[in-house]
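# Fold and contact review
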Amino acid sequence: MKKTTIIIGFLLFFVFIENAIAEDRRERVVKEFELRLGAGIACGTCFIAGASPNSKLEIVPQIFADFLFPVWENEATTHWIGIGPYGKATYLGFLPQHLAAGIATGYQFNEWQVLVNTGIAYSIGDRPETTLARGNAQQTRGTYDLGLTVRRDIGNSVFVSAGYNHNSNGSDLGINIFGSDKIPGTNPGYDSVLVGIGMRF
């Protein structure tokens with residue numbers, strides 16, 4: 001029942017966004033593409049529960065793209081708010097190990113932008129953060145995907161960024177929709193801090 005409720009909630013949110021975007025604004029979508037590089041660690045937020053991270057820091061390359069539809073604009077300034085889909089691929093090694101997609105919300109003010117993304121991720125590879133972990137077959141491949149990014153325009157539609165990503169399946173909060181009878185869904189989560197450079201189209 002809880003899994004169905006969360007999935008229906010996601011679908012209703014998509015419908016709300018679709019209806020909230022005026023037709024003329026859909027034609028003025030802001031497309032942003034970004035290359036990121038940072039450091040990540042499994043169980044990075046475990047200190048909240050009094051535990052310590054259970055792995056070492058590793059380099060985390062990432063590709064991130066979003067499409068923001070303006071839903072509010074201040075014509076007297078360059079301030080606007082946009083909402084739309086995003087997708088990302090995280091590379092842990094030479095191949096993509098982690099894919100995610102969902103909804104991003106951006107607030108642009110002058111040369112600055114704050115972007116918040118919320119979605120669902122799936123781990124392709126055998127990593128401890130989001131899949132069948134080493135020595136623990138009870139972890140889910142699916143997780144929620146949460147992110148906060150601050151961007152600054154540097155000219156010619158190019159921007160630089162810094163941000164934070166968190167992935168976990170929400171089992172500690174009782175909102176795990178990724179588990180099953182065979183895989184109940186413990187997961188240490190994965191946290192990363194990244195910097196990037198991107199272009200706006």
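Residues numbered from 1 in each chain as written. Predicted model: local features only at pLDDT ≥ 70, side-chain atom pairs only at ≥ 80, totals over all residues. Heavy atoms only, no water.

### Observations concerning the pairing of strand β7 (residues 158-168)
Extensive coverage of β7 is indicated by the burial of eight of its 11 residues. One ladder, built from 11 bridges, connects strand β6 (residues 142-155) with β7; its direction is antiparallel. From the neighbouring strand, Gly-147 faces β7, where its bridge partner is Asn-165. Where β6 folds back on β7, the antiparallel hairpin that results is connected by two residues, among which Asn-156 adopts a positive phi of roughly 55 degrees. Bridge analysis of β7 against strand β8 (residues 190-200) gives 10 bridges, and the strand direction is antiparallel. (Buried < 20%, exposed > 50% of the residue type's maximum accessible area, 1.4 Å probe, protein only. Helix = DSSP H or I, 4+ residues; strand = E, 2+ residues; numbered from the N terminus. Pairing = 2+ DSSP bridges.)

### Let's talk about the pattern of salt bridges
Following the criterion strictly, the structure yields eight salt bridges and no others. Notably, a salt bridge pairs Glu-34 with Arg-151, separated by 2.8 Å at the nearest N-O pair. Taken together, the residues span a long stretch of sequence, with Glu-34 in strand β1 (residues 30-42) and Arg-151 in strand β6 at a distance of 117 residues. The residues Glu-34 and Arg-151 share a single accessibility class, namely buried. A salt bridge links Arg-151 to Asp-66, with the nearest nitrogen and oxygen atoms 3.0 Å apart. With Arg-151 in strand β6 and Asp-66 in strand β2 (residues 58-73), this residue pair connects regions lying 85 residues apart in the sequence. Of the residues examined, Asp-66 reaches a relative accessible area of 0% and is grouped as buried. Residues joined by salt bridges that share partners form a network here, namely Glu-32, Glu-34, Arg-36, Asp-66, Arg-151, Asp-153 and Arg-200. (Salt bridge = Lys/Arg side-chain N within 4 Å of Asp/Glu carboxyl O.)

Nothing here speaks to function; it is all geometry.
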